[in-house]
Amino acid sequence: MRITCIYYGKYLKAGASIVTSMTQFANPQIINPRLADLPDYPFERLRGLLDPLAPPAALDPIALSLGEPQHPYPDFVGEILHANRHLYGKYPPVAGTPEFRQAAADWLIRRYELPAGMIEADRHIVPCAGTREGLFRTAFLAVPPEKAGQRPAVLMPNPFYQCYAGAAIAAGAEPIFVSALAENGFLPDFAGLDEAILARTALVYFCTPANPQGAVASLDYLNDLIALSRQYEFTLVVDECYAEIYNGAPPPGTLQACAAGEAQDLSGILVFHSLSKRSNVAGLRSGFVAGDPDMLTLYRRLSEYGGNPSPLPVYAAATALWRDEDHVVANRALYVEKFDLAERVLSNRFGFYKPEGGFFLWLDVGDGEAATVELWTRAAIQVLPGAYLTAEDGVGDNPGNRYIRVAMVHERAVMEDALARIAQTL
Ligand SMILES: Cc1ncc(COP(=O)(O)O)c(C=O)c1O
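Every value quoted in this text rests on a predicted model; they were computed, and no experiment measured them. (Residues numbered from 1 in each chain as written. Predicted model: local features only at pLDDT ≥ 70, side-chain atom pairs only at ≥ 80, totals over all residues.)

**As for the packing of helix α13 (residues 326-346) against helix α15 (residues 412-425)**
Piece 1. Remark: α13 packs on α15, axes separated minimally by 10 Å, with the N-to-C direction vectors making an angle of 25°. Taken together, the axis directions place α13 and α15 in an arrangement best described as roughly parallel. Between α13 and α15 the crossing geometry is right-handed. Where α13 approaches α15, its residues Leu 334, Glu 337, Lys 338, Leu 341, Ala 342, Val 345 and Leu 346 are matched on the opposing element by Arg 412, Met 415, Glu 416, Leu 419, Ala 420 and Ala 423.
Piece 2. Its residues assigned to classes, the contact of α13 with α15 comprises 9 nonpolar, no polar and 4 charged. (Axes fitted to C-alpha atoms, helices over the stretch in contact; angles between N-to-C directions. Helix = DSSP H or I, 4+ residues; strand = E, 2+ residues; numbered from the N terminus. Parallel < 35°, antiparallel > 145°, perpendicular 65-115°, else oblique. Left-handed = near helix turned anticlockwise from the far one by under 90°. Contact = placed C-beta atoms within 7 Å. Nonpolar A, V, L, I, M, F, W, Y, C, P; charged D, E, K, R; others polar.)

**Regarding the environment of Ala 387**
Piece 1. Along the chain, Ala 387 falls in the loop between β13 (384-385) and β14 (403-407).
Piece 2. Sequence-wise, Ala 387 and Tyr 112 are 275 residues apart; in three dimensions their C-alpha atoms are separated by 34 Å.
Piece 3. With residues up to four places along the chain from it excluded, the contact list for Ala 387 reads Gly 368, Glu 369, Asn 398, Gly 400 and Asn 401.

**Comments concerning the domain arrangement of the protein chain**
Piece 1. Per the domain assignment, the segments making up the protein chain are domain 1 (24-72 + 328-425) and domain 2 (90-324).
Piece 2. Placing a centre on the C-alpha atoms of domain 1 and another on those of domain 2 gives a separation of 24 Å.
Piece 3. Listed by partner, the interface residues are 32 residues for domain 1 and 31 residues for domain 2.
Piece 4. Elements with a contribution of two residues or more to the side of domain 1 that touches domain 2: α13 and β11 (360-364).
Piece 5. At 6 residues, the largest contribution of residues to the side of domain 1 that touches domain 2 is made by α13. (Domains from an automatic or database assignment.)

**Description of helix α11 (residues 293-306)**
Piece 1. The end-to-end C-alpha distance of α11 is 20 Å, a good match for the 20 Å that 14 residues give at a rise of 1.5 Å each.
Piece 2. The set of residues buried in α11 consists of Met 295, Leu 296, Tyr 299 and Ser 303. Down the axis of α11, the buried set is contained in an arc of 95°. They therefore lie on one face. Exposed residues on α11 whose side chains face more than 90 degrees from its buried face are Arg 301, Glu 304 and Tyr 305. (Expected span 1.5 Å × (residues − 1). Buried ≥ 20, exposed ≤ 12 C-beta atoms within 10 Å, placed from the backbone. Arc of directions from axis to C-beta.)

**Some details on the nonpolar core**
Piece 1. Val 154, Tyr 164, Leu 203, Val 289, Ile 381 and Met 408 are the most contacted members of the largest nonpolar core, which totals 124 residues.
Piece 2. Counting residues domain by domain, this core receives three or more from each of domain 1 (24-72 + 328-425) and domain 2 (90-324).
Piece 3. Not counting residues up to four positions away in its chain, the partners in contact with Leu 203 are Ala 139, Ala 142, Val 143, Val 154, Phe 234, Thr 235 and Val 237. (Core = buried A, V, L, I, M, F, W, Y, C linked by C-beta atoms within 7 Å.)

**Considering the environment of Leu 321**
Piece 1. Mapped onto the elements of the fold, Leu 321 is located in helix α12 (residues 312-323).
Piece 2. For Leu 321 and Ala 103, which are 218 residues apart along the polypeptide, the C-alpha to C-alpha distance reads 8.7 Å.

**Some words on the sheet that holds β11**
Piece 1. Strand order in the open sheet made by the 3 strands is β11-β14-β13, with antiparallel pairing throughout. Strands with a single pairing partner mark the edges of an open sheet, and in this sheet they are β11 and β13. (Pairing = 2+ DSSP bridges.)

**Quick word on the pairing of strand β8 (residues 235-239)**
Piece 1. In terms of residue burial, β8 counts as a mostly covered element, since 5 of its 5 residues are buried.
Piece 2. Side chains Thr 235, Val 237 and Asp 239 of β8 all project onto a buried face; the interleaved residues Leu 236 and Val 238 project onto the opposite face, where all are buried too.
Piece 3. In this view, the connection linking strand β7 (residues 201-207) to its parallel neighbour β8 by way of helix α8 (residues 219-232) has right-handed handedness.
Piece 4. Two elements, β8 and strand β9 (residues 269-274), share 4 bridges in a ladder whose sense is parallel. Each residue of the ladder has a partner; that of Asp 239, found in β9, is Phe 272. (Right-handed = clockwise from strand over helix to strand, strands pointing away.)

**Some thoughts on the packing of helix α14 (residues 368-379) against α15**
Piece 1. Closest axis-to-axis distance for the α14/α15 pair is 10 Å, and the angle between their directions is 110°. Taken as axis vectors, α14 and α15 run roughly perpendicular relative to one another. In the crossing of α14 with α15, the sense of the turn from one axis to the other is right-handed. Residue-level inspection shows Glu 374, Leu 375, Arg 378 and Ala 379 of α14 in contact with α15, the latter providing Arg 421, Ile 422 and Thr 425.

Structure follows, in structure tokens:
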């Protein structure tokens, strides 16, 4: 199956596609036809590619495909979960606890030097049981049946976090992939799209620091994007889950851009933050969304019907994590060390660059899928082909074809071994 979409590269091209191998349903009459357009998830595709192949028996396999940090998380997480275990018997509120909301608001104010009063814990913060579900749910808030009399469009960068495309499709919108390639600093030029597309845009997903390329949007870029969202009246969702993993200056945030704007207007703006990467607790499933209070009221309402809030002990542990910076500073230092190591081992091969943020290497290996197979069969290293994170352009080229994504998530000793195997194999 091919999903048509429009891709904006150097030129605007229509008819781009994501290639999928959709399951054949026995009775399509009982299936929501929109969902037939959901492509296979990248990790399903990776299993399809690598499962039939054996890695060398003499080597321990190392998975660098999934962005799942393996650095330790603070001991107090376990202690707090245990101390609050009596609360597992209670249904947790979708709005979280007052302490959680306050800790999140205080963190935003500290991290982005926001003016007092701009973020009120009870109006501007709602927890998510992991930001993926929140990012997905947002499309159901923000996509109307029509925009400017046409099928609404949802814009996202290309490459993109797959949840954005899935949410757009499930909400009935047309996903439009806007290229974020090396030649444009890995930042998509949303404003350069055709007027006709912008007019029917209901929602834009943007990610800074970007997964997978690690590009960081400047305050100017964010200001322009906010202005564009106001001009064309679309919801702007900025995924900032890698905001605390950086090499150099802290990446600016969208709320920081709003703070500098007129009346600190948050209308139409939602920003997502997660503990998964910041605090190495992907399995805790905890993050939050901040921004437009009206949208958050609707977000909470939708969650009341179909949400799955984090358990109360998780809110308690998450509250302590947002209040603590020591573990975040230590965590960041581990990544800086590992990127230094990668620079030494890979030197300037495969277009190596140190990303400004996030924890991925985005390596130009010529043929990402072939390199993935080679790394698995010869070195027991599992990476993700770049093409699994990108949509094809209008002439059948996939801008991710040349790349592999390498998640630098293991401890230094494991990464040292893994990087040496990559350098030897490719
Ligand atoms: C860009 C991006 N956004 C959001 C998420 C979701 O993170 P979580 O649901 O763990 O908060 C991920 C996870 O890999 C990601 O890479």
